[in-house]
Amino acid sequence: MRAHPDLAFGYEEALGYAVAPDLVRDKDGITAALAVAGIAAADKRRGRTLLDRLDDLARRYGLYVTAQVSIRLTGSSDSIGRISAIMTALRADPPSRFGDTAVVGVHDLAAPSTHGRTAGNVPPADVVVFLLADGGRVVVRPSGTEPKIKAYLEVVAPVGPGTDAEALTAARQQADTRMAALRDAVRRLLLDL
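Along each chain, the written sequence defines residue order, and numbers are assigned to residues from 1. The model is predicted, so local features are restricted to residues of pLDDT at least 70 and side-chain atom pairs to those at 80 or more, both for listing and for counting; the totals for chains, interfaces and linings are taken over all residues. Note that the side-chain values use all heavy atoms of the structure and ignore hydrogens as well as water.

## A short note on the nonpolar core
Residues grouped as a nonpolar core are buried Ala, Val, Leu, Ile, Met, Phe, Trp, Tyr and Cys residues, joined through side-chain atoms within 4.5 Å. Note on exposure labels: buried denotes an accessible area under 20% of the residue type's maximum, exposed denotes more than 50%, and partly exposed covers the range between, all computed with a 1.4 Å probe on protein chains only. With 33 residues, the main nonpolar core has Phe98, Val138, Val140, Val186 and Leu190 as its most contacted residues. Put simply, DSSP marks the helices as runs of H or I at least four residues long and the strands as runs of E at least two long, and each gets a number from the N terminus on. Every element with two or more residues in this core is listed here: β3 (63-72), α3 (79-92), β6 (128-132), β7 (137-142), β8 (148-157) and α4 (164-192). With nine residues, the single largest contributor to this core is α4. It only takes one pair of heavy atoms within 4.5 Å for two residues to be counted as in contact. Look past the residues within four positions of Val140 in its chain and what remains in contact with it is Met87, Leu90, Asp126, Val127, Val128, Phe130, Ile149, Lys150, Ala151 and Leu190.

## Looking at helix α2 (residues 50-61)
Take the residue count of a helix, subtract one, and multiply by 1.5 Å to get its expected span. Taking 1.5 Å per residue as the helical rise, α2 with its twelve residues ought to reach 16 Å, and the 16 Å between its terminal C-alpha atoms agrees with that figure. Two or three places before Leu51, at the start of α2, stands the capping residue Thr49, its side-chain oxygen 3.3 Å from that residue's backbone nitrogen. Looking one or two residues beyond α2, the residue adopting positive phi is Gly62, at roughly 105°. Each polar contact in these results corresponds to two N or O atoms within 3.5 Å; when the atoms are within protein, one needs to be able to donate a hydrogen and the other to accept it, and residues that are neighboring in sequence are counted only if both atoms are side-chain atoms.

## A closer look at the sheet that holds strand β5 (residues 101-108)
Whether two strands pair depends on DSSP finding at least two bridges between them. The strand order across the open sheet built from six strands is β3-β8-β7-β6-β5-β4, with neighbouring strands paired in antiparallel fashion. Looking at strand neighbours, the two that pair on one side only are β3 and β4 (97-98), the edges of this open sheet. The pairing of β5 with β6 spans five bridges and is classified as antiparallel. Counted as the bridge partner of Val106 is Phe130 from β6. Together, β5, β6, β7 and β8 form the strand contacts of α3, whose direction differs from that of β7 by roughly 145°. Lines fitted to the C-alpha atoms define the axes, with helices restricted to the stretch that makes contact. Angles between their N-to-C directions range from 0 to 180 degrees.

## Quick notes on the environment of Asp100
Here Asp100 is to be found in the loop between β4 and β5. A residue is classified by how much of its surface remains accessible, and Asp100, at 75% relative accessible area, is exposed. Once the C-alpha coordinates of Asp100 and Ala133 are considered, the two residues, 33 residues apart in sequence, prove to be 10.0 Å apart.

## What about the pattern of salt bridges?
Here, a salt bridge means any Lys or Arg side-chain nitrogen found within 4 Å of an Asp or Glu carboxyl oxygen. Applying the stated rule across the entire model yields eleven salt bridges. With its nearest N and O atoms 2.2 Å apart, the salt bridge here joins Arg48 to Asp56. In this structure, Asp56 and Arg59 form a salt bridge, with 2.5 Å as the shortest nitrogen-oxygen distance. Pair noted here: Asp56 and Arg59 are both in helix α2, with a separation of three residues, about one helical turn.

## Quick look at the pairing of β5
Side-chain positions along a regular strand alternate between the two faces of the sheet. When β4 meets β5, the two strands line up antiparallel, connected through two bridges. By the bridge assignment for β5, Arg97 is matched with Ala102. Between the end of β4 and the start of β5, which pair antiparallel, lie two residues, with Gly99 showing a positive phi angle near 65°.

## Notes on a nonpolar patch on the surface
Taken together, the side chains of Leu51, Leu54, Leu57, Tyr61 and Tyr64 make up a nonpolar region of the molecular surface, amounting to roughly 560 Å² of accessible area. Tracing the backbone through its elements, the reader meets Leu54 in helix α2. Excluding any residue in a salt bridge, patches collect residues exceeding 30% relative accessible area, merging like charges within 9 Å and nonpolar Val, Leu, Ile, Met, Phe, Trp and Tyr side chains within 5 Å. Exposure was quantified through the Shrake-Rupley algorithm and a 1.4 Å probe, taking into account, for residues, occlusion by the shown protein chains and nothing else.

## Some remarks on the side chain of Ser79
With respect to the element layout, Ser79 can be found in helix α3. Not counting the four nearest positions on each side in its chain, Ser79 is found in contact with Leu73 and Pro147.

Shown next as structure tokens:
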């Protein structure tokens, strides 16, 4: 793994977590499992669970729900060209909304700044990020290994007032409803492009 010397944590959707890159310079399940086991053991001594810890984070930062939409482009002799056309269309005419949710920002990670890096100081990549008015986002990119276009979805639901259990239940229901609508809207858009 090539990593910045100050990296404290890394994640890649298909390959895992780098939780101690100064010790193990790879994204592997072993160090991640050891780190989680240590957290679980400490929580158990305090009479708490990992789910209690996740609930604490949701109350503090909001409840985050993620999902993925993958569109496999098979049956076409030019699936790479089709994927390229979808990415070009998203850049040329970005959607103003996904369902009922407005798009408030678009970041094209293929567009490097004058320093050869993107605004987030990462190397250019064939990725478009849509920031949503409700705090969520949609990240679209071609698969690097299959004839697919992939979208990574994220919604954030605040945990409102009320008893802890009631507030968390309401936030989960809100997040699940918003995710279902977002997933449908993204799927329809990608299939229509």
